[in-house]
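Here's the letter readout for the chains.
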Amino acid sequence: MSDTVISAVITGLLTLLGVIVTNISSGRKMRFQIEKSQAITDVKVEELTREVRQHNNFAARMPVVEEQIKVINHRLNDIERGNIFEN
């Protein structure tokens, strides 16, 4: 084999090695970024779930509060009319 062919083969192998190392490195970086993004998304979903649960709890209690306000208003009306001993 001539020196030119040997140089071309060595250059080709080194180029191939460089491409393989670069691809492995890029893959690792991409995997890290995906895992980081997934972790952030998971935290945001958990926070949103917590907020929805708080809202649902509030929504479930509102009818009770509204009924209590009606009773209080009725009692105030009775007091204003002087009917406090009729109930």
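Numbering of residues starts from 1 in each chain and follows the order in which that chain's sequence is written. Reporting in this predicted model follows two pLDDT cut-offs: at least 70 for local features of residues, and 80 or more for side-chain atom pairs to be given and counted; totals over whole chains, interfaces and linings ignore these cut-offs and use all residues. By convention in this description, side-chain values take in all heavy atoms of the structure and omit both hydrogens and water.

Caption draft 1: Representation of the overall build of the protein chain within the structure. Secondary structure elements are taken from DSSP: a helix is a run of H or I of four residues or more, a strand is a run of E of two residues or more, and numbering for both begins at the N terminus. Secondary structure assignment for the protein chain yields one helix and zero strands. The globule rule used for comparison is 2.2 Å times the number of residues to the exponent 0.38, while the radius of gyration itself is calculated over C-alpha atoms. Against the compact-globule benchmark of 12 Å for 87 residues, the protein chain has a radius of gyration of 37 Å, which places it well outside the compact range. Dimensions of the protein chain, computed from C-alpha atoms along their principal axes, come out at roughly 120 × 15 × 10 Å. Between buried and exposed lies partly exposed: a residue is buried under 20% and exposed over 50% of the maximum accessible area for its type, with that area taken using a 1.4 Å probe on protein chains only. Taking all 87 residues of the protein chain together, 2% fall into the buried category.

Caption draft 2: Region of the structure containing the pattern of salt bridges. Any Lys or Arg side-chain nitrogen located within 4 Å of an Asp or Glu carboxyl oxygen qualifies as a salt bridge. For the coordinates displayed, the defined rule picks out two salt bridges. Arg50 is the partner of Glu47 in a salt bridge, and the nearest nitrogen-oxygen pair spans 2.5 Å. A residue pair is termed a helical-turn pair when its members lie 3 or 4 positions apart in one helix, as Glu47 and Arg50 do in helix α1 (residues 3–81) at three residues. Taking relative accessible area as the criterion, Arg50 reaches 39% and is therefore assigned partly exposed. With a shortest N-O distance of 3.8 Å, Arg81 and Asp78 are connected by a salt bridge.

Caption draft 3: Here's a closer look at α1. The span you would expect from a helix comes to 1.5 Å times its residue count less one. Across its 79 residues, α1 extends 115 Å between first and last C-alpha, which sits within 8% of the 117 Å expected from 1.5 Å per residue. Positioned one or two residues after α1, Gly82 has a phi angle of 85°, which is positive.

Caption draft 4: Structural context of the environment of Glu80. Locating Glu80 in the fold gives a position in helix α1. Remark: the alpha-carbon pair of Glu80 and Val21, spanning 59 residues in sequence, is separated by 86 Å.

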